[in-house]
Amino acid sequence: MSHVLSLTDLQFAWPNQALLLDIPQFSLTRGERLFLKGPSGSGKTTLLALLGGIQLPQQGQLVTNGNTLSSLSAAARDHFRADHMGYLFQQFNLLPFLDITSNVLLPCRFSKRRAARASERYGSLEQAARHLLEQLGLPSSLHSRRADELSIGQQQRVAAARALIGSPELIIADEPTSALDYDSREAFIRLLFAECSGAGASLLFVSHDQSLAPLFDRVVDLAELNRAAGAPACI
Amino acid sequence: MHLIRLALASLRNRRFTALLTVFAIALSATLLLAVERVRVEARMSFANTISSTDLIVGARSGSVNLLLYSVFRIGNATNNIRWSSYQHFAEHPQVKWAIPLSLGDSHRGYRVLGTSAAYFEHYQYGRKQALELAKGRPFGEDLFEVVLGAEVARKLGYQLNDEIVLAHGVAKVTLQKHDDKPFKVVGILKPTATPVDRTLHISLAGIEALHIDWQNGMPAYGNGKISAEQAREMALQPKAITAMLLGLNSRIASFRVQREINEYSGEPLLAILPGVALQELWSLMGTAEKALFVVSLFVVLTGLIGMLTAILTSLNERRREMAILRSVGARPWHVALLLVLESLTLTLLGLLLGVALLYAGLLIAREPVLSLYGIYLPLSAPTWYELSLLGGILLAALVISIVPAWRAYRQSLSDGLSIRV
Ligand SMILES: Nc1ncnc2c1ncn2[C@@H]1O[C@H](COP(=O)(O)OP(=O)(O)O)[C@@H](O)[C@H]1O
Ligand SMILES: [Mg+2]
């Protein structure tokens, strides 16, 4: 079983703050859908930034797709993220002034690899965007709308299409459903699952909402993982 | 280039502030260009006030003073020069032509110049343009004839054959009028955009006739009075004039003749080269002109600082935009470049609009500026100098844009993906 991602003895603190993360071991296997839970403020988003190479840990090793992130230059990490990872945030994922298609195609502007993959698979970038958006239930009449004209649920699906375009190996979702109402949450996750397995991507799904946990292959509690958890977060 | 499209789309999203910024930059650029165009043209038309005259000769005083009263009709001569001196140099072998100038009278605020027919033949201004009559003919048939400069005729509403009364002295309000000897308008000159337009020209004999019965600056009374009719009968030979203009056979002789005049034993005289004196005078006024330039530079700077403020205030609410870009693989310098492109776009649009406004303004203001100030503003394409000014503004915008770019760079590094709005 190969790992998309594995880390050992990772330690991280924000400048002038107490140690936030101290994780002895954590990994994600290829094709796995993992649910990482933890209360807000526990360092979930920070961990995701570390996994994407946006921040560097003060200590420890982080291997993603066979690359040791901390040994790469900042430029190489940014390239690496663009090539291999799709991000999905809680809300306001889209640039409001771009239309839907342009928003979906953003990663292809910064990653040649994903642009090549997308147009290889669907003929052209626009085709790829259209296909993904339609799979996620967004009719083509919406594709040239401005992002801020859509409902939040629709915006999250556009964000999912953007994370998935060009088939990155890892999808990182940072509480993407917390702005949705309960009924649409499950529907959204099922769509996301379908697209991830279609593209062969692993999914790291972060949330403080326990009720979604049963849908996933594996559930991990950040508090159990993180030795630094407890003291400051309890207050 | 994809970043440019992103920058444009982001600007379009904030089009109201963007438009205001563009407009501020446009106005400041228009001001700078307009000031520069007027400055260049004013200097040019100033340097061209008099041409083809090789030497100006007057009583010994300062060269700027001589230039001011002989060419610009500003101020007064401290002394006259003798008619015999005029004759001496008018007949000098190197001198091709000589124009006598006699000043000292005025008419409703405009100076009266006594001169000879040579004035209409040899006086030149601008790029060697001779004087031309719009109507009528030069003076000459009768003693009491006057040829008006264009502005005098226009402002005072004079026509050919009008009779006008000249005043003694040059104050605006004159008590002593030569009202017993009215002058008839026989000619009106075409506009020259030089002080000629503001001058009334009469013959030297006319000047003499005006003053023939005056003693000690006061008109004679009773029997001492000489009527216009009597004056016509007399041979009126001037005893003195104020200055003279000389044209030489060869320009090379200028310095030699100048020295000869300055060393003339008959009376103390001063000869100046008009080009040199004009430059000297312009450099005296240069400080005001430079101040104007500096002020308009500061206005441009204000416009750019306005842009800086607008972009900096937008930065905070755009942190999410930056984090999104980072998450899809943008590098921090992409984010910084985006802001530089934004500044450059705003400035470029501002400059284009500014140039458009300049030409619109020129189209409207050309006529009034020409008739009011005698400055001809050409509607010509931007000069290299003006283009380099515009380039300078763009460069300044580039330098200024480093401030928000640097802040966004730092911000996107420290924010990472956690956007805490
Ligand atoms: N960019 C940042 N700079 C400094 N401190 C930060 C930054 N982002 C997060 N933190 C701090 O790290 C802690 C964890 O935040 P975060 O990772 O966002 O938690 P979660 O996503 O689990 O809610 C918080 O105390 C927060 O103040
Ligand atoms: Mg978070």
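Residues numbered from 1 in each chain as written. Chains lettered and ligands numbered in written order. Predicted model: local features only at pLDDT ≥ 70, side-chain atom pairs only at ≥ 80, totals over all residues. Heavy atoms only, no water.

### Brief notes about the overall build of chain B
Okay, step 1: The secondary structure content of chain B amounts to 13 helices and 17 strands.
Okay, step 2: For chain B, with 421 residues in total, the buried portion stands at 51%.
Okay, step 3: Across chain B, every contact between residues at least 6 apart in sequence was considered, and the portion connecting residues at least 24 apart equals 78%.
Okay, step 4: Accessible surface, chain B: about 20,100 Å² in total, of which carbon and sulfur atoms supply 62%. (Helix = DSSP H or I, 4+ residues; strand = E, 2+ residues; numbered from the N terminus. Buried < 20%, exposed > 50% of the residue type's maximum accessible area, 1.4 Å probe, protein only. Contact = heavy atoms within 4.5 Å. Areas by Shrake-Rupley, 256 points an atom, 1.4 Å probe, with all protein chains shown as cover.)

### Examining the overall build of chain A
Okay, step 1: Regarding its fold elements, chain A presents eight helices and nine strands.
Okay, step 2: On C-alpha atoms alone, chain A measures out to a radius of gyration of 17 Å, which is about the 18 Å that the 2.2 N^0.38 rule sets for 235 residues.
Okay, step 3: In terms of its C-alpha atoms, chain A occupies a principal-axis envelope of roughly 50 × 40 × 35 Å.
Okay, step 4: When the 235 residues of chain A are sorted by exposure, 53% land in the buried category. (Rg over C-alpha atoms; globule rule 2.2 N^0.38 Å.)

### Some details on the sheet that holds strand β4 (residues 59–64) of chain A
Residue and element names in this part refer to chain A.
Okay, step 1: Strand order in this open sheet of four strands is β2-β1-β4-β5, and the pairing throughout is antiparallel. Only two strands of the sheet have a single partner each, and these edge strands are β2 (21–29) and β5 (67–68).
Okay, step 2: Pairing between strand β1 (residues 3–12) and β4: five bridges, direction antiparallel. Residue pairing for β4: S6 is matched across the bridge by V63. (Pairing = 2+ DSSP bridges.)

### Thoughts on the site of ligand 1
Okay, step 1: Lining the immediate surroundings of ligand 1 are 15 residues, of which G41, K44, T45 and T46 of chain A together with S414 of chain B lie closest.
Okay, step 2: The site occupied by ligand 1 is bordered by residues of chains A and B.
Okay, step 3: Backbone polar atom of G43 of chain A to an oxygen atom of ligand 1: 3.1 Å apart, as the coordinates give it.
Okay, step 4: In isolation ligand 1 has 560 Å² of accessible area, and contact with the protein removes 78% of it. (Near = heavy atom within 4 Å. Polar contact = N/O pair within 3.5 Å; in protein donor to acceptor, adjacent residues only side chain to side chain.)

### Observations concerning the sheet that holds strand β7 (residues 170–174) of chain A
Residues and elements named next belong to chain A.
Okay, step 1: Read across the sheet, five strands follow the order β6-β7-β8-β3-β9 without closing on themselves; strand pairing throughout is parallel. What marks the edges here is a single partner per strand, and that holds for β6 (85–88) and β9 (218–221). Neighbouring strand axes in the sheet, compared pairwise and without regard to direction, differ in orientation by 15° on average.
Okay, step 2: Sheet topology places strand β3 (residues 33–37) next to strand β8 (residues 202–207); five bridges connect them, and they run parallel. Bridge assignment links L34 to a residue of β8, and that residue is L204.
Okay, step 3: Relative to β8, helix α7 (residues 182–199) is tilted by about 155°, and along the sheet it contacts β3, β6, β7 and β8. (Axes fitted to C-alpha atoms, helices over the stretch in contact; angles between N-to-C directions.)

### Topic: the interface of chain A and chain B
Okay, step 1: Counting residues at the interface gives 26 residues for chain A and 24 residues for chain B.
Okay, step 2: Contact between chain A and chain B buries roughly 2,300 Å² in total, counting both sides, with carbon and sulfur atoms accounting for 66%.
Okay, step 3: Contact with chain B buries surface across chain A, with F89, F97 and F110 of chain A losing the most and accounting together for 29% of the total.
Okay, step 4: Across the contact surface, chain A and chain B share two salt bridges.
Okay, step 5: D78 of chain A is the salt-bridge partner of R331 of chain B, the closest N and O atoms lying 2.9 Å from each other. (Buried area = accessible area lost by both parts, 1.4 Å probe. Salt bridge = Lys/Arg side-chain N within 4 Å of Asp/Glu carboxyl O.)

### So, the nonpolar core
Okay, step 1: Ranked by size, the top nonpolar core spans 69 residues in total, and within it I56, L67, I99, Y119, Y123, L245 and L304 of chain B carry the most contacts.
Okay, step 2: Looking at this core, you find at least three residues from each of domain 1 (2–46 + 286–415) and domain 2 (55–272) of chain B.
Okay, step 3: Beyond its immediate stretch of four places on either side in the chain, L245 of chain B contacts I50, T53, L55, I56, W97, A98, I99, L101 and Y123 of chain B.
Okay, step 4: Within the second largest apolar cluster, 40 residues are counted, among which are A118, A128, L133 and I165 of chain A. (Core = buried A, V, L, I, M, F, W, Y, C linked by side-chain atoms within 4.5 Å. Domains from an automatic or database assignment.)

### Remarks on the packing of helix α3 (residues 100–110) of chain A against helix α5 (residues 125–135) of chain A
Each pair of packed helices can be summarised by the angle the axes make with each other and by the distance between the axes.
All names here are of chain A.
Okay, step 1: Packing of α3 against α5 brings their axes to within 10 Å, and their N-to-C directions diverge by 120°. Our classification of the angle between α3 and α5 gives oblique. The two elements α3 and α5 cross, and the hand of that crossing is right-handed. Along its contact with α3, which presents I100, T101, V104, L105, C108 and R109, the element α5 presents L125, E126, A129 and L133. (Parallel < 35°, antiparallel > 145°, perpendicular 65-115°, else oblique. Left-handed = near helix turned anticlockwise from the far one by under 90°.)

### Topic: the packing of aromatic side chains
Okay, step 1: Considering all chains together, one arrives at 15 aromatic pairs over all chains under this definition.
Okay, step 2: Judged by centre distance (5.8 Å) and plane angle (10°), the rings of W406 of chain B and Y409 of chain B are stacked. Taken as a pair, W406 of chain B and Y409 of chain B lie in helix α13 (residues 384–415) at a separation of three residues, close to a single helical turn.
Okay, step 3: When its relative accessible area of 28% is taken as the criterion, Y409 of chain B is described as partly exposed.
Okay, step 4: Through successive ring pairs, a cluster of aromatic residues spans F35, F193, F205 and F216 of chain A. (Phe/Tyr/Trp six-rings, centres within 6.5 Å; stacked < 30°, edge-to-face > 60°.)

### Some details on the pattern of salt bridges
Residue and element names in this part refer to chain A.
Okay, step 1: The final tally for this structure, using the stated rule, is 25 salt bridges over all chains.
Okay, step 2: With a closest N to O distance of 3.0 Å, R113 and E169 form a salt bridge. On the criterion of sequence distance, the pair formed by R113 in helix α4 (residues 112–122) and E169 in the loop between α6 (152–164) and β7 is long-range, its members being 56 residues apart.
Okay, step 3: Residue classification places R113 among the partly exposed residues on the basis of a relative accessible area of 27%.

### Describing the confidence of the model for chain B
In low-pLDDT regions, the fine details of the predicted coordinates are not to be read closely.
Okay, step 1: Here chain B averages 86 in pLDDT, while 89% of its residues score no lower than 70.
Okay, step 2: Interface confidence for the predicted complex, given as ipTM, is 0.86, next to a pTM of 0.75. (pLDDT = per-residue confidence, 0-100.)

### Notes on the environment of M85 of chain A
Okay, step 1: Mapped onto the secondary structure, M85 of chain A falls in strand β6.
Okay, step 2: In this structure, the C-alpha to C-alpha distance between M85 of chain A and L164 of chain A, residues 79 residues apart in sequence, is 8.6 Å.

### Topic: the pairing of β4 of chain A
Each regular strand displays side chains that alternate between the two surfaces of the sheet.
Okay, step 1: Pairing of β4 of chain A with β5 of chain A, which is carried by two bridges, proceeds in the antiparallel orientation. Bridge pairing in β5 of chain A places V63 of chain A opposite T68 of chain A.

### Section: the state of the cysteines
Covalent bonding between the sulfur atoms of two cysteines is what defines a disulfide.
All names here are of chain A.
Okay, step 1: Applying the stated criterion across every chain, the model contains zero disulfides over all chains.
Okay, step 2: A disulfide-free cysteine, C108 has its sulfur positioned 16 Å from the sulfur of C196, the nearest such atom.
Okay, step 3: Since its relative accessible area comes to 7%, C108 is described here as buried. (Disulfide = S-S within 2.5 Å.)

### Here's the deal with the environment of L377 of chain B
Okay, step 1: Along the chain, L377 of chain B falls in the loop between α12 (332–373) and α13.
Okay, step 2: The exposure class of L377 of chain B is buried, given its relative accessible area of 4%.

### Focus: the side chain of S111 of chain A
All names here are of chain A.
Okay, step 1: Relative to the helices and strands, S111 resides in the loop between α3 and α4.
Okay, step 2: What makes S111 buried here is its relative accessible area of 1%.
Okay, step 3: Among the polar contacts made by the side chain of S111, one reaches the main-chain amide nitrogen of R114 at a distance of 3.0 Å.
Okay, step 4: Other than its neighbours up to four places away in sequence, S111 contacts A82 and D83.

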